[in-house]
Amino acid sequence: MKSVNMERLVVVGNGMAGIACVEQILRHSSVMPPPAAQFHITVFGDETHVNYNRIQLSSVLAGEKTADDIVINGLDWYMDNGIDLRLGVKITGVDPFAKTVTGDDGSVTPYDKLLLATGSSPLLPPIPGSDKDGVYCFRNLDDTRALLGRVQPGLKTVVIGGGLLGLEAARGLQLQGAQVTVVHLMSTLMERQLDTAGGQYLQQKIEAMGINVLLSHNTTAILSNGRVQGISFSNGYRMEADLVVIAVGIRPNVALGKAAGLTVNRGIVVNDYMETSDPSIFAVGECVEHQGVVYGLVAPLYQQGKVLAATITGNRGPRYEGSIPEARLKIMGVDVFSAGFVQDGGPACETVRYEDPSLGIYKKLMLKDGRLAGVILIGDLSDSNRYLDWLRTGADLTDKRRRLLSPDPVPDRGVAVAEMPDSETVCGCNGVTKGAIISAIHQKGIRTLSQLKQCTRASTGCGSCTDLCVALLKAVAPEFEEDKKKVLCECVPFTQDNLREIVRSQKLRSVQEILDVYGNGIGCEVCKPALSYMVDMTWCGEHEEDRSARFINDRVHANIQRDGTFSVVPRIRGGVTSPAELRRIADVAEKYNVRMVKITGSQRIDLLGVAKEDLPKIWADLGMPSGQAYTKGVRMVKTCVGTEFCRYGTQDSIATGIELERRLENLYTPHKTKMGVVGCPRNCAEATVKDIGLVGQEGGWQVVVGGAAGKSVRKADLLITVETSEQALESAQLFFQYYREHANFLERTYDFVERLGIEKVRRETVYAQRAVQEGLLERLAKSKALAKDAWLEREDPRTTQFVPIQPLVQIQPGEAVKV
Ligand SMILES: Cc1cc2nc3c(=O)[nH]c(=O)nc-3n(C[C@H](O)[C@H](O)[C@H](O)COP(=O)(O)OP(=O)(O)OC[C@H]3O[C@@H](n4cnc5c(N)ncnc54)[C@H](O)[C@@H]3O)c2cc1C
Ligand code: SF4
């Protein structure tokens, strides 16, 4: 909530620069007395994701990391810091006189101070056909997911652009099995960071990985028949392609700067304090032009953010005086580093070079007036930090000339770390020195890498300093602990998050394939059911079913009892049955000498003590669908009598409950899923302690999730309040599919909702963009269409119809609304 003294700071852009700057602002605010440093912060981001590490998209494309792995600040961070986050909202206008910004959702938000951190967009050269199906960019998480969705083994893929981004995209796609060619207009790869010789070393390494490289080729058209077929070049040559990625550069997003009447050249022009030509408007990141330079790397943007945070909080300190450009290629096995001025023939520069073609090592230093002006390292980056430090500090190298390229060998990592001067930069992206890391370790009692990351931000950028950070931790932290991630089991030593991503990105459709490629080829009782669930859920039923991988109950489609007999539970939707069904159940019980007929706590009838050989006959005689009381799937929907018979009823709980069960039955879930629908808050069918509950109200429904009344007892959290039964059903479906896709195997909804936090769940389900919701519903419908009743073994025709929902009560982040 905004207090009267707070200034309103609106940030446009939820990317790396904007949020790094907000973090710095919060640091200033935390040590300043109110009101001077207090802001009410609103962040607009047109992407639908929380702040993530864009640099690591290459690792996501390569299947080395998941989207969750690259989140920098999760929703809890925004909430903890009272930040009003508006995801999926694009700011389309700025009125510098009224001091407001207008969003594409129609919102008008006033500001006292405005921070533009809009980053860049991919540069799209005017190549005919670049709008065709099969042509992609590589800038954000959605692009990455789209590429992962399209790429297949053997797919002919062309990446236009042989710069850092193009090469990383090429390698990622090749790791996904595509046949990749990199097409580059210039005669050298990464020509902005490397010289001709360096480019040739790099090209050899890229080609050795199986990626084709075509230099000096000017793409003139993308050929298609609606879908990409190939590309043509100015020399008349053509090549086939099913997928084209354009990665030729970036264009700063300056439209808002122009709309606000700011001075704009290539970027929004700022002074050394990141102030624009309007005193209330500031800018940071890739959208900014400082002293004629627009930066496309995070280290400068973070430095800008620090200066801006000090300025905006009234602590104006050192100026931003520009940065030394520095680039590392993040392709495993291809070590390339470049910083500063690297081209031959510069003014009064001397070149010192070392090459070993058989080892693929190339090093070049550019010196000016006895100081380092630039460096290229290929094949051996062990001295990159030292060179970077010389570049930053402008150290006089006169007495080091003999050993510039052959520094003393490093006998021991620990000794090398100990000998580093405290002033040396460890994390280039975030500008964190060895001294800062050591004092953080001592002062904050840091023991793990993740604590170090959180405290200093070291190793949260491109990740190339991670080894050094760990070496420092080992050397200095008395109780160093490795960060542990819980892997599924020793047969497939990956976390469940990793495995879900692997299954999806590597298109693995059977348990055995996963075990063969990523595990020990055998599997066990722990991993096989989990993997079986993952392939079923990921491919929505279009997978190779391996029944031996399922739990015993799933293999026999019945609950095994302690005496070795089985129980039979027919599905009784919403707990409503008929005399005919009851008669059939009674006949079957007598015919097969069923030992006990029991009414269960979930309004069903359990036939207990059935011999295994009688199961098929009993099911045939019953002619009723299975209640799947044995499986990790949808169990039942318990209902109260509702409006039909109850004088307190406000909603038709029976019809809604039956429909809910119809829509979700026969589907597998990470753990059993129980539901309840009640006609009013008296809650006679205990809907508020179910995994999913619908609670009737006057004029609407509350949809609640994550409840439990078993070994754990938990009152469900409110997901949303809606007006109609259809809206309630759809909200329940959105949550249901989200749980299926994101929970760990054997994780009940109550643990899942607590782990993620209900705000995140809401944002990613009922308050997600319609396209996201449609994706969830489509995948659910696809699974449902292929779901079969275990005993009737037939296609289930009961697919669902979805209508858009109109939230009745908009829940704001931080609002603790409980049933
Ligand atoms: C695949 C890849 C690999 C990279 N590798 C490296 C690397 O190794 N090293 C390195 O230093 N850098 C690397 N970069 C560059 C680095 O990611 C960028 O320099 C950095 O992300 C820029 O931060 P930013 O906040 O200025 O822009 P962004 O991160 O682009 O953030 C801007 C955000 O603002 C949003 N936005 C824009 N306009 C609006 C609007 N009108 N309303 C609401 N929201 C808006 C955008 O959607 C975006 O989410 C890489 C980039 C990519 C794509
Ligand atoms: S929950 Fe309400 S509507 Fe349902 S039976 Fe109880 S009192 Fe009646």
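Keep in mind the model is a prediction, meaning the values are calculated, not measured.

Around ligand 2 sit Cys640, Val641, Gly642, Cys646, Tyr648, Gly649, Val678, Gly679, Cys680, Arg682, Asn683 and Cys684, and that is every residue in its neighbourhood. Grouping the amino acids of the shell around ligand 2 by side-chain chemistry returns seven nonpolar, four polar and one charged.

Okay, the confidence of the model for the protein next. Predicted confidence across the protein gives a mean pLDDT of 86, with 90% of residues reaching 70 or more. Below a pLDDT of 50 lies the segment residues 33-37, which in the model reaches four contacts outside its immediate sequence neighbourhood of four places, other chains included. Within the model, the stretch residues 793-819 combines pLDDT values under 50 with 76 contacts to residues more than four positions away or in other chains.

Counted as a void, the second largest pocket has a volume near 550 Å³. Forming the walls of the second largest pocket are 28 residues, and the residues nearest its centre are Ser602, Arg635, Lys672, Lys674 and Arg748. Per-element tally for the lining of the second largest pocket: the top contributor is strand 32 (residues 634-639), with three residues. Counted by class, the lining of the second largest pocket contains seven nonpolar, nine polar and 12 charged residues.

Strand order across the open sheet formed by five strands is 3-2-1-7-19, with parallel pairing between neighbours. Either end of the sheet is taken by a strand with one partner, and the two such strands are strand 3 (84-87) and strand 19 (281-283). Averaged over neighbouring strand pairs, the angle between their axes works out to 15° when direction is ignored. Strand direction decides the pairing type here: strand 1 (residues 7-12) and strand 7 (residues 113-116), joined by four bridges, are parallel. For Val12, the partnering residue across the bridge sits in strand 7 and is Leu116.

Our next topic: the pairing of strand 38 (residues 717-722). Extensive coverage of strand 38 is indicated by the burial of six of its six residues. Of the strand pairs in this sheet, strand 35 (residues 700-705) and strand 38 are connected by five bridges, and their pairing is antiparallel. The residue of strand 38 that forms the bridge with Val705 is Asp717.

Let us now look at the sheet that holds strand 9 (residues 135-136). Either a parallel or an antiparallel arrangement is found when strands of a sheet pair, and the pairing is made through backbone hydrogen bonds. Reading across from one edge, 9-16-10-11-12 is the order of the five strands in this open sheet, with parallel pairing throughout. Only two strands of the sheet have a single partner each, and these edge strands are strand 9 and strand 12 (212-214). Pairing analysis gives four bridges linking strand 10 (residues 156-160) to strand 16 (residues 243-246), with the strands arranged parallel. Counterpart to Ile160 in the pairing with strand 16 is Ile246.

A word on the packing of aromatic side chains. As enumerated under the stated definition, the model contains 10 aromatic pairs in all. Ring centres of Tyr738 and Phe752 lie 5.9 Å apart, and the angle between their planes is 55°; on these two criteria the pair is classed as tilted. Of this pair, Tyr738 sits in helix 22 (residues 725-742) while Phe752 sits in helix 23 (residues 749-756); the two residues are 14 residues apart in sequence, bridging distant segments of the chain. Look at Tyr738 and you get buried, because its relative accessible area is 2%. Of the residues examined, Phe752 reaches a relative accessible area of 0% and is grouped as buried. An aromatic cluster of at least three residues, connected via ring pairs, comprises Phe735, Tyr738, Tyr739 and Phe752. Residue placement shows Arg316 over the ring face of Tyr273; its charged tip is 3.9 Å from the ring centre.

Calculation notes
- Residues numbered from 1 in each chain as written.
- Chains lettered and ligands numbered in written order.
- Predicted model: local features only at pLDDT ≥ 70, side-chain atom pairs only at ≥ 80, totals over all residues.
- Heavy atoms only, no water.
- Near = heavy atom within 4 Å.
- Nonpolar A, V, L, I, M, F, W, Y, C, P; charged D, E, K, R; others polar.
- pLDDT = per-residue confidence, 0-100.
- Contact = heavy atoms within 4.5 Å.
- 1 Å grid on protein atoms, 1.4 Å probe; cavity = no way out; pocket = protein on both sides within 12 Å on 5 of 7 lines; lining within 4 Å.
- Points joined across faces, edges and corners; volume = space filled by probe spheres on them.
- Helix = DSSP H or I, 4+ residues; strand = E, 2+ residues; numbered from the N terminus.
- Pairing = 2+ DSSP bridges.
- Axes fitted to C-alpha atoms, helices over the stretch in contact; angles between N-to-C directions.
- Buried < 20%, exposed > 50% of the residue type's maximum accessible area, 1.4 Å probe, protein only.
- Phe/Tyr/Trp six-rings, centres within 6.5 Å; stacked < 30°, edge-to-face > 60°.
- Lys NZ or Arg CZ within 6 Å of the ring centre and 35° of its normal.

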